Amino acid sequence: MFKGLTFYMVLIAIGSLSITFAVTKDLPLSVQWALLIGGTLLNIISLIALMIFLSKSDSKANKSKSK
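1. A look at the overall build of the protein chain
Looking only at helices and strands, the protein chain features 2 helices and 0 strands. For the protein chain, the C-alpha radius of gyration of 16 Å lies well beyond 11 Å, the compact-globule estimate for 67 residues. Taking the principal axes of its C-alpha atoms as reference, the protein chain extends roughly 60 × 15 × 10 Å. Taken over 67 residues, the protein chain has a buried fraction of 18%.

See below:
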């Protein structure tokens, strides 16, 4: 059950770290924007995928309890 969960949590952590580096480090402007946009997109996509994964695993758990 937790195989996919750790994958999505790692993706969210990587996205958050890239946003943090984009804001706090003294990098060229194009690199800052790339990290900021990439991290934001990675976080949004990972959170949507995590919600889908958790809803599927929850529906499987509810079906097995009702049997």
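Okay, back to it.
2. Considering the environment of V10
Locating V10 in the fold gives a position in helix 1 (residues 3-24). On a C-alpha basis, the gap between V10 and S46 in space is 9.2 Å, while along the polypeptide they are 36 residues apart.

3. Focus on the side chain of S57
Here S57 shows up in helix 2 (residues 29-66). Within polar-contact distance, the side chain of S57 engages the backbone oxygen of L54 at 3.0 Å.

4. Looking at helix 1
Spanning 22 residues, helix 1 covers 32 Å between terminal C-alpha atoms, matching the ideal 32 Å at 1.5 Å per step. Those residues of helix 1 that fall on the buried side of the exposure criterion are G4, Y8, L11, I12, G15, S18 and A22. Projected onto a plane normal to the axis of helix 1, the buried residues spread over an arc of 125° and lie on a single side. Those residues of helix 1 that are exposed and angled more than 90 degrees off the buried face are K3 and T24.

5. A few points about the packing of aromatic side chains
By convention here, two paired aromatic rings are described through the distance between centres and the angle between planes. This model, assessed by the stated rule, comprises 2 aromatic pairs. The interplanar angle of 55° and the centroid separation of 5.7 Å between the aromatic rings of Y8 and F53 together place this pair among those described as tilted. Separated by 45 residues along the polypeptide, Y8 in helix 1 and F53 in helix 2 bring together distant segments of the chain.

Conventions adopted
- Residues numbered from 1 in each chain as written.
- Predicted model: local features only at pLDDT ≥ 70, side-chain atom pairs only at ≥ 80, totals over all residues.
- Heavy atoms only, no water.
- Helix = DSSP H or I, 4+ residues; strand = E, 2+ residues; numbered from the N terminus.
- Rg over C-alpha atoms; globule rule 2.2 N^0.38 Å.
- Buried < 20%, exposed > 50% of the residue type's maximum accessible area, 1.4 Å probe, protein only.
- Polar contact = N/O pair within 3.5 Å; in protein donor to acceptor, adjacent residues only side chain to side chain.
- Expected span 1.5 Å × (residues − 1).
- Arc of directions from axis to C-beta.
- Phe/Tyr/Trp six-rings, centres within 6.5 Å; stacked < 30°, edge-to-face > 60°.

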